[in-house]
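The lines below spell out each chain.
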Amino acid sequence: MQDQHFMQQWNAGHDRFSEDFDHLARKLLKAIGSGLRGGRHSDPGDKDNQVGRQECPLARRARLTGIGIIAGVLAGSTLAMVAPLVTALDCPQQANEICVRAALA
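Residues numbered from 1 in each chain as written. Predicted model: local features only at pLDDT ≥ 70, side-chain atom pairs only at ≥ 80, totals over all residues. Heavy atoms only, no water.

Colleague: Just give me the short version of the overall build of the protein, but keep the residues and values in it.
Modeller: Helix and strand content of the protein: three helices and zero strands. Listed N to C, the secondary structure of the protein is α-α-α in terms of helices and strands. Here the protein holds 105 residues, and the buried ones make up 9% of them. For the protein, the exposed area adds up to about 9,300 Å²; of that, 63% sits on carbon and sulfur atoms. (Helix = DSSP H or I, 4+ residues; strand = E, 2+ residues; numbered from the N terminus. Buried < 20%, exposed > 50% of the residue type's maximum accessible area, 1.4 Å probe, protein only. Areas by Shrake-Rupley, 256 points an atom, 1.4 Å probe, with all protein chains shown as cover.)

Structure below.
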C-alpha cells in the first residue's frame, strides 16, 4: 500500500516537474534565439509577456560584430589546435615520431 501511494505521488510530481521544465526550456531557448536575432519576440501565451525595446542600428551592428569576433577567435583557436595534429598524421611512417613531437611541442 505504501509503495502504491509513493508511486502515485512520484508520478504526479514527475508530471509537474516535466511541465515546469518544458516551460523553462522553451522560455530559455526563445530568449537565446531572440537575443541572437536582435529583438525580443514575445509569445502571446507567455505569462511573462513584456514589450521589449527596439534595437538601434548601431547597437545591432555592435552586437553582430561582437558575435563575429567571438566566432573568429573560436574558429582560429580550434584550427590552431587541430592543424598540427593533422599535419603530424600526414607525415611518412619513419618521420611520424618526429612530426608528433614537433606538433605537440
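Colleague: Give a detailed account of a nonpolar patch on the surface, specifying residues and quantitative values.
Modeller: A surface patch of nonpolar side chains, amounting to about 350 Å² of accessible area, comprises Phe6, Met7 and Trp10. Within the fold, Phe6 resides in helix α1 (residues 2-37). (Patch = residues over 30% accessible without salt bridge, like charges linked within 9 Å, V, L, I, M, F, W, Y side chains within 5 Å. Salt bridge = Lys/Arg side-chain N within 4 Å of Asp/Glu carboxyl O.)

Colleague: Quick rundown of a negative patch on the surface? Include the residues and the values.
Modeller: On the surface, a cluster of negative charge is made up of Asp15, Glu19, Asp20 and Asp22. For Asp22, the position within the fold is in helix α1. (Lys, Arg positive; Asp, Glu negative; His and termini not counted. Charge placed at Lys NZ, Arg CZ, Asp CG, Glu CD.)

Colleague: Would you mind going over the confidence of the model for the protein in detail, with residue names and values included?
Modeller: Summarising the model, the protein shows a mean pLDDT of 76, and 65% of its residues fall at 70 or more. Averaged pLDDT values over the elements of the protein bottom out at 65 in helix α3 (residues 96-104) and peak at 87 in helix α2 (residues 57-89). (pLDDT = per-residue confidence, 0-100.)

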